[in-house]
Amino acid sequence: MPQSQNQFQPSRVRVPSDRWRLQIVHRTQFRYGGPVRSSYNEARMTPENSSRQTTLRSRVEIEPTATVLAYRDYWGSTVTAFDTHGPHTELVVKATSVVEAGPEVHVADPLSWAELAVPDVQDRFGEILRPTRLTTMDAPVVQEVREFVGDAGPREAGRQVCRFVHDRIEYLTGSTNVKTNAMQAWEHGKGVCQDISHVSIGLLRAIGLPARYVSGYLHPRRDAGIGEAVTGESHAWVEWWDGGWSGYDPTNVVEIGPRHVTLARGRDYSDVPPLKGIFSGPRSEGSSVTVEVTRLA
């Protein structure tokens, strides 16, 4: 039996009806053309603890054996930094977590546009109000979304921006890559959750909402059975600040809830890749990634 299926069994402990207990097994394998001498890496695969989400168990396993250091990065995400120096022809990183997640339970009342525009707020959130290389949107698109939002207040405007993007970018696997920026995805009219989130963030910032990129997982089935392991994948969505943090999944046009597991946050994807690193040795011959998600309760 695969290790991921016998580590944690479906729980008989009751959880509130608006919360799910999920197990996620995320496995990445890199293969090389010959022995690699050294490898230095960072993994952002440890789910957070927050008012919305409780991480009950989490571990990152690495083959071959590596020296490991865990820390919080600038944005508050947990990073597993590791390096290995023995010759190896493949690298396997496996993260296994059990998380209880639900909707946000404490959402502050929204501020007005005037309150968001005061210097203290602009200074506090300056880094996530400015466009980045991956999130910059051209002026005509910004004007179009301003007209679409109209007189809506900040919180409703945030939701409307996400719906606007969802209606104009078709979700199509393989249509873009991690280097695709927001305007390229917009002009192409196709993309994946990363692109849809980048466009949403760029437009949210352009209308005056501090916005950040969130990486994590999404259970693909709303009616998931207890104990049924299904194929999942890494996912991305957005959060904006309007007096408190509001999360929204523009790819699926839903608020963040029990099917969403948060891993990391940043200005855009470049701050939160699940795994990145460098190595010394023959070129890579490819990689494979699998994500298995099981609802335990």
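Residues numbered from 1 in each chain as written. Predicted model: local features only at pLDDT ≥ 70, side-chain atom pairs only at ≥ 80, totals over all residues. Heavy atoms only, no water.

## Observations regarding the packing of aromatic side chains
No. 1: One pass over the full model with this rule turns up 8 aromatic pairs.
No. 2: Each ring, one from Tyr74 and one from Trp75, has its centre 4.8 Å from the other, and the planes form 90 degrees; the classification is edge-to-face.
No. 3: On the basis of an interplanar angle of 15 degrees and a centroid distance of 5.7 Å, the ring pair of Phe164 and Trp186 is categorised as stacked. Highlighted residues: Phe164 in helix H5 (residues 154-168) and Trp186 in helix H6 (residues 182-188), separated in sequence by 22 residues.
No. 4: Assessed through its relative accessible area of 0%, Phe164 is described here as buried.
No. 5: The exposure class of Trp186 is buried, given its relative accessible area of 16%.
No. 6: Through a chain of ring-to-ring contacts, three or more aromatic side chains come together here, namely Phe125, Trp241 and Trp245.
No. 7: The side chain of Arg168 reaches across the aromatic face of Phe148, ending 5.7 Å from its centre.
No. 8: The residue whose ring lies beneath Arg212 is Trp245, and the NZ or CZ to ring-centre distance is 3.5 Å. (Phe/Tyr/Trp six-rings, centres within 6.5 Å; stacked < 30°, edge-to-face > 60°. Helix = DSSP H or I, 4+ residues; strand = E, 2+ residues; numbered from the N terminus. Buried < 20%, exposed > 50% of the residue type's maximum accessible area, 1.4 Å probe, protein only. Lys NZ or Arg CZ within 6 Å of the ring centre and 35° of its normal.)

## As for the sheet that holds strand S2 (residues 38-43)
No. 1: Taken in spatial order, the 4 strands make up an open sheet running S4-S5-S2-S15, and their pairing is antiparallel. Each end of this open sheet is capped by a strand with a single partner; those strands are strand S4 (67-72) and strand S15 (275-280). On average, each strand axis in the sheet is inclined to that of its neighbour by 10 degrees, with strand direction left out of account. (Pairing = 2+ DSSP bridges. Axes fitted to C-alpha atoms, helices over the stretch in contact; angles between N-to-C directions.)

## Describing the environment of Thr132
No. 1: Mapped onto the fold, Thr132 is located in the loop between helix H3 (119-124) and helix H4 (139-149).
No. 2: With 50 residues separating them in the primary sequence, Thr132 and Ala182 have C-alpha atoms 9.7 Å apart.
No. 3: If near-sequence neighbours (up to four positions away) are discounted, Thr132 is found in contact with Arg205, Arg267 and Asp268.
No. 4: A distance of 2.7 Å separates a polar atom in the side chain of Thr132 from a polar atom in the side chain of Asp268. (Contact = heavy atoms within 4.5 Å. Polar contact = N/O pair within 3.5 Å; in protein donor to acceptor, adjacent residues only side chain to side chain.)

## Here's the deal with the nonpolar core
No. 1: Counting 51 residues, the largest nonpolar core has Ile24, Met137, Trp186, Val199, Leu203 and Trp240 as the members making the most contacts within it.
No. 2: Among the elements that line this core, the one with the most residues is helix H7 (residues 193-206), at 6 residues.
No. 3: Counting residues in hydrophobic clusters, the runner-up holds 10 residues, among them Ala43, Ile62, Val93 and Leu275. (Core = buried A, V, L, I, M, F, W, Y, C linked by side-chain atoms within 4.5 Å.)

## With respect to unusual backbone geometry
No. 1: Of note, the bond from Glu63 into Pro64 is cis; its omega dihedral lies within 30 degrees of zero at 0 degrees.
No. 2: Note on placement: Pro64 falls in the loop between strand S3 (53-63) and S4.
No. 3: Phi at Val253 takes a positive value of approximately 45 degrees, unusual for a residue other than glycine.
No. 4: Relative to the helices and strands, Val253 is located in the loop between strand S12 (245-249) and strand S13 (254-255).

## With respect to the side chain of Asn181
No. 1: With respect to the helices and strands, the residue Asn181 is situated in the loop between strand S7 (170-171) and H6.
No. 2: At a separation of 2.8 Å, a polar atom in the side chain of Asn181 contacts the main-chain amide nitrogen of Gln184.
No. 3: Sequence-distant contacts of Asn181, that is, excluding residues within four places in its chain, are made with Arg133 and Leu134.

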